[in-house]
Amino acid sequence: MKMSTNTTAEMKKKSSRTQTMHGMWGVVVCEKDVRVKYGPLQPEACSFCGGMVQLMTIKTQWKLFFLPLFFSKKKKNYCSTCGK
């Protein structure tokens, strides 16, 4: 009788270990890649401080492991004096 109880307990331990291993495989790894490129100076002045304004291009890419999922590209004006 004791043999059957031990094997059942060992089987329960083994099954709980395999369940945690299956849970680890469900973890999703995402990566966000951001690249900023500064362009030429703009002919306009900053509305806050009157400093020089530069064009800034921001490229954002989300990846799942190594596969790209989402890509966005934004252009913003950046003041070299106040940073707005």
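Preceding this paragraph is the structure being described.
Residues numbered from 1 in each chain as written. Predicted model: local features only at pLDDT ≥ 70, side-chain atom pairs only at ≥ 80, totals over all residues. Heavy atoms only, no water.

### Comments concerning a positive patch on the surface
Rules: Residues form patches when they are more than 30% accessible in relative terms and have no salt bridge. Like charges link within 9 Å. Nonpolar side chains (Val, Leu, Ile, Met, Phe, Trp, Tyr) link within 5 Å. We get accessible surface area from the Shrake-Rupley algorithm with a probe of 1.4 Å; when it comes to residues, only the shown protein chains can shield them. Salt bridge, as used here, is a side-chain nitrogen of Lys or Arg placed within 4 Å of a carboxyl oxygen of Asp or Glu. Asp and Glu are treated as the negative residues and Lys and Arg as the positive ones, with His and the ends of the chain left uncounted. Note on charges: their place is set at NZ of Lys, CZ of Arg, CG of Asp or CD of Glu. In this description a helix means any DSSP run of H or I spanning at least four residues, a strand means any run of E spanning at least two, and both kinds are numbered starting from the N terminus.
Judged by side-chain charge, K37, K59, K73 and K75 come together as a positively charged surface patch. Along the chain, the position of K75 falls in strand β3 (residues 67-79).

### Here's the deal with the pattern of salt bridges
The condition is simple: Only protein chains enter the accessibility calculation, which uses a 1.4 Å probe; a residue is then buried when its area is under 20% of its type maximum, exposed when over 50%, and partly exposed in between.
Using the criterion set out here, one finds one salt bridge in the structure. Across the salt bridge formed by D33 and R35, the nearest N and O atoms sit 3.3 Å from each other. A residue is classified by how much of its surface remains accessible, and D33, at 19% relative accessible area, is buried. R35 sits in the exposed class, given a relative accessible area of 57%.

### What to know about the sheet that holds strand β1 (residues 30-45)
Operational definition: In this description, strands pair whenever DSSP reports at least two bridges between them. Only C-alpha atoms enter the line fits that serve as axes; for helices the fit covers just the stretch in contact. Angles between N-to-C directions range over 0 to 180 degrees.
Read from one edge to the other, the open sheet built from three strands follows the order β1-β2-β3, with strand pairing classed as antiparallel. A strand with exactly one partner marks an edge of an open sheet, and here the two such strands are β1 and β3. When strand polarity is set aside, the average angle formed by the axes of neighbouring strands in this sheet is 15°. Bridging between strand β2 (residues 52-64) and β3 involves 12 bridges; their strand directions are antiparallel. Its bridge partner being in β3, K59 is matched across the sheet by K73.

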